[in-house]
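Read off the chains here:
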Amino acid sequence: MPAKKDARKSPGSTSSDATPRPVPQSKQPAETSGELHREIRRPSSAWVDNLLMPALAVFTGLVVGGLIIAVANDAAITAWGNFFQNPVAAIKASWDAIIQAYSALFGGALGNPADIVAGFQTYFATGQTAGLYKAIYPFSESLVLTTPYIFLGLAVALGFRCGLFNIGAEGQFFMGALGAAYVGYSITTLPWFIHLPLALFGGAVAGAIWGAIPGYLKAKFGAHEVVNTIMMNWIAFRLSDWLLNGPMKAVGYRPVTSTVEATAELPRFFPDPLRLNWGFPLALVFALLVYWFLFKTTLGFEVRAVGANPDASRYAGMSVMRNFVLVMTLSGALAGLAGATQVLGTDHWVGQGFSAGYGFDSIALALLGKSHPLGVVLAALLFGILRGGATSMQSLARIPIHIISVIQGMVIIFVAAPAIIRWIYRLRIGTAEQTVLTRGWGK
Amino acid sequence: MTTVLELRGITKSFPGVLANDHIDLTLEQGEIHALLGENGAGKTTLMNILYGLYKPDEGEILVRGEKVDIHSPNDAIARGIGMVHQHFMLIPVMTVTENVMLGIEPTRDVIFLDKSTVAEHVLEISKQYGLEVDPDATIKDLAVGTQQRVEIIKVLYRSAEILILDEPTAVLTPQEVEGLFKILQTLVDKGKSIIFITHKLKEVMAVADRITVLRGGRTVGTVSPKKVDPAKLAAMMVGREVNLVVRKKRAQPKETALTVKNLFVRDVRKNLVVRGVTFDVRKGEVLGVAGVQGNGQSELVYALTGLLPIENGEINVLGKTVRKLTPRRVLERGVAHVPEDRQKYGLVLSFPLYDNLVLCNYYLPPFANGVSLRQKVIIENGEKLVKQFDIRTPSVYVNASSLSGGNQQKLIVGREFSRPIQLLIAAQPTRGLDVGSIEYIHNRIIEKRDEGTAVLLVSSELDEILALSDRIAVMYRGQIMEIVDASETSKEYLGLLMAGIAASQTAIAGAKPKKEVKEVERVF
């Protein structure tokens, strides 16, 4: 369905330069102009940092993407060639290209509003569902794409909260899919209410193991989790190659697993071809669970404390190492669940190239969501929509699908470098302290 | 005397606060003018305005009677105003000469750096003003005090007539402070004028010709040190009478709370820094550990609190011998630790106050119910402690990073003192704090002692040790030189011990312990 081509390249690599800390703490100088000054502006500053800045980053990313569309379009290029004869036509051609591309993108992701309204009218008037299902198909597909993004975004965000940079979500996702698929097709005699939870659990465990290994290596030997999760990714890819061509290969020529049993499938809400299934609400439930864990439990308190200041956490009697292992395990389990829901709800089998960059996108996504479960859900929705509409943008507006990666990359740059956004929109928050940083001789 | 600099009615407001409110200041040629005030009084804002980093909302600046606009540090330098920052602006891998010429590099034959001319000039300046510095030395090899001299040379090299020094003594050892004061005297003798920013009373009394006190962004007054005493200055700074003397009753020690026998500890670099330390602390007394910083005191505290492993020796906390200490076990036994690095160990700066106030007991009832936190109780606890410990903050919801240093320390003190504790380990509890906060924390420590808590106080401020302790252990190179009774010792005697001169030698040195020092004046 959606082009799963090269999305893994751009957002993943741009965000690797970004700071792994989810919530950048601006260092306060020992003495500034007065403590009251800082205290008063804090509530508004939190609002700006957590909501306005990401929203402006997305908006700016879309604008920059629009500019690239405007110059990358054949009609526009021709029109700009004749700029001096007819400047209006050149500008108009570019404008048209942008409008066309974005309406194709969002139309392809959300559906045509008129069709949806008409679909509902027919449904209520005659009880016929065919038109309605056709109209909501694009949005259903976008939510299908959003589902793994939510799980993976939560996985990476959880790591960020503990000061860990889990680049291994991709591999954990893959392993989770394989684990769930194995439980799904190899057991044939269980009722669904045992088989389905077991298959989900199988995926979570496979992902958890893949996350726990680098977590343990970090805690025990101080090996950096970035390096080890990357290594674990490659092991996962090659291991899956072997599994799909050997032990887990279904009968036939293609390197794929068997289809999972119906008892292990996550039920779908609508008939084919709509693939929206219980995986999506399950992802939302897990977002709530992660929120509860992080902010309402003693364990979550420790995780956040260790992430924000490991020295103070040790001083306060927490075990930093235990938290590293715990968080990497849970993070891996969430990524594994992403794979499990993808297999059990959407694909029903696993093939080579299954993961296709979801895990890497989710690093960017967690940054955009400020490592907060709610932010992750919103960012996942955005990424799902972008990915969902990309194909239609390519076919209708002839805009290369990679422009989506460019937009995602732009958004991440703007999230990672908030100074750019502050400068563009003249947001003056915190400048009084920033000025002090420029002191000294010279310019 | 001529007036070299005059600030008239300088006003600067930031959103929500008036940082400077019609401040007037005059600087005469050849004087050291101290700008005294608590943290947040507006000293640094005022100097940043003078140095062109902020633009004032109102008011004017006159240099030698001429009204000037200063828009940038370059403008300030052009007017002969130079600033020596608290945190040095030096490049560690470059030499003194290279650092001095940075930004205005002279060249020979168009493209070649003319280092030798600069080096000569640096030597000339250092000779003229008594600033001993080797122009070819690399910055990172120099002591902090010497690095500061390089900063001063940098300013003089740019022909500054007016020097602003922002908290210059904060990073110096007592000996280096002495050296700095001599340099400042030489500078004014040669006609330079100096503004000296500080919150330490002792220093302004020692070095200033005139003192302007700021409080809450306003000028409280300008006085001469000959006509005021520290108590008066402190009252001007804080806005109320400050008790410079810790009033305490004679200690009534009870049973032993902490016994340390022949303790050896290695630091993180695996050097043996605590070498065979033995002492005990009893309930209801303060044992002060004095010593020049870096003689193993920090590691001693970290070992006692489980943050560093013990190499050898025995620790008995509240009647139980502990072999392997973990921070949690130490805390649960009833030990409170006020760490010397409050931002590194004491607080999670990005957490709100109420979370910081339960950092050590968030998992215990009433703050937790099994695995889930009881947010409401935690916030109520925060509000109670903020009130009880007089932590100045608009609410408990702000992050710890938004508090001033003094209030951050009160936050830690509030958290540690509110737990049921029997032994308090406090390391440098008042470092960098202003007079008001120091007074507050000292009184709280004595209060705890009188409640029957054993207190181990580690401080490199001898005045603090003398003011609070009942017995004093002096550490030198990882060992305890001697443990003396605080009422039968003197500052001079302790100073000799701190320098590693043992008791047997002191008779030769001629310093005899002074008798009965009951109330020690606390001047910082």
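What counts, and where the lines are drawn
- Residues numbered from 1 in each chain as written.
- Chains lettered and ligands numbered in written order.
- Predicted model: local features only at pLDDT ≥ 70, side-chain atom pairs only at ≥ 80, totals over all residues.
- Helix = DSSP H or I, 4+ residues; strand = E, 2+ residues; numbered from the N terminus.
- Buried ≥ 20, exposed ≤ 12 C-beta atoms within 10 Å, placed from the backbone.
- Contact = placed C-beta atoms within 7 Å.
- Axes fitted to C-alpha atoms, helices over the stretch in contact; angles between N-to-C directions.
- Parallel < 35°, antiparallel > 145°, perpendicular 65-115°, else oblique.
- Left-handed = near helix turned anticlockwise from the far one by under 90°.
- Pairing = 2+ DSSP bridges.
- pLDDT = per-residue confidence, 0-100.
- Expected span 1.5 Å × (residues − 1).
- Arc of directions from axis to C-beta.
- Core = buried A, V, L, I, M, F, W, Y, C linked by C-beta atoms within 7 Å.

Next up on the list: the overall build of chain A. Within chain A one finds 18 helices and 0 strands. Buried positions account for 52% of the 443 residues belonging to chain A. Taking contacts inside chain A between residues at least 6 apart in sequence as the whole, the part at least 24 apart equals 79%.

Turning our attention to the packing of helix α14 (residues 358-368) of chain A against helix α15 (residues 373-397) of chain A. Residues and elements named next belong to chain A. Relative orientation of the contacting elements α14 and α15 amounts to 130°, with a least axis distance of 8 Å. Taken together, the axis directions place α14 and α15 in an arrangement best described as oblique. Seen from above, α14 lies across α15 with right-handed handedness. In this structure, α14 contributes D361, L365, A366 and L368 to the contact, and α15 contributes V376, A379, A380 and F383.

Right, let's talk about the sheet that holds strand β5 (residues 66-68) of chain B for a bit. Residue and element names in this part refer to chain B. In spatial order, the strands read β2-β1-β4-β5; together these 4 strands make up an open sheet with antiparallel pairing. The open sheet has two edge strands, β2 (17-28) and β5, and neither has a second partner. Taken pair by pair, the neighbouring strands of this sheet meet at an average axis angle of 25°, ignoring direction. As paired elements, strand β1 (residues 3-14) and strand β4 (residues 58-63) share 5 bridges and run antiparallel to each other. In the sheet register, L7 faces β4, and the bridge partner there is I61. Along the sheet, helix α1 (residues 43-50) contacts β1, β2 and β4; its crossing angle with β1, the most-contacted strand, is approximately 115°.

A word on unusual backbone geometry. Put simply, D272 of chain A and P273 of chain A share a cis peptide bond, and its omega is 5°. Examined against the element boundaries, P273 of chain A turns out to sit in the loop between α9 (225-245) and α10 (279-296). Looking along the chain, the bond that leaves P365 of chain B and enters P366 of chain B is cis, with omega of 5°. Here P366 of chain B lies in the loop between α12 (353-356) and β19 (368-369). Unusually for a residue other than glycine, Q428 of chain B sits at a positive phi of about 45°. Inspection of the secondary structure puts Q428 of chain B in the loop between β21 (423-427) and α15 (435-450).

Averaged over all residues, the pLDDT of chain A is 84; the fraction at 70 or higher stands at 86%. Across chain A, element-level confidence peaks in α10 of chain A with a mean pLDDT of 97 and bottoms out in helix α18 (residues 431-437) of chain A with 31.

All right, on to the pairing of strand β11 (residues 210-215) of chain B then. Residue and element names in this part refer to chain B. Alignment of strand β3 (residues 32-36) against β11, held across 4 bridges, turns out to be parallel. Counted as the bridge partner of A34 is I211 from β11. The pairing of β11 with strand β12 (residues 218-223) spans 5 bridges and is antiparallel. Residue pairing in the sheet places T212 in a bridge with T222 of β12.

Here we come to α10 of chain A. All names here are of chain A. The terminal C-alpha atoms of α10 lie 25 Å apart, and with 18 residues this matches the ideal 26 Å at 1.5 Å per residue to within 8%. G279, F280, L282, A283, F286, A287, V290 and L294 are the residues of α10 that are buried. Seen from one end, α10 has its buried residues packed into an arc of 150°, which puts them on one side. Exposed and facing more than 90 degrees away from the buried side of α10 are V285 and L288. Buried residues belonging to α10 abut α6 (130-161), α11 (298-308), α13 (320-347) and α15.

Residues and elements named next belong to chain B. Buried residues dominate α1, accounting for 8 of its 8 residues. The set of residues buried in α1 consists of K43, T44, T45, L46, M47, N48, I49 and L50. One or two steps after α1, the chain reaches G52, where phi turns positive at roughly 85°.

Judged by nonpolar contacts, the single largest core of 273 residues is most densely connected at F151, L154 and L334 of chain A together with L50 of chain B. Looking at which element gives the most residues to this core, the answer is α13 of chain A, with 14 residues. Apart from residues lying up to four places away in sequence, L154 of chain A is in contact with F286, A287, V290, L334, P373 and V376 of chain A.

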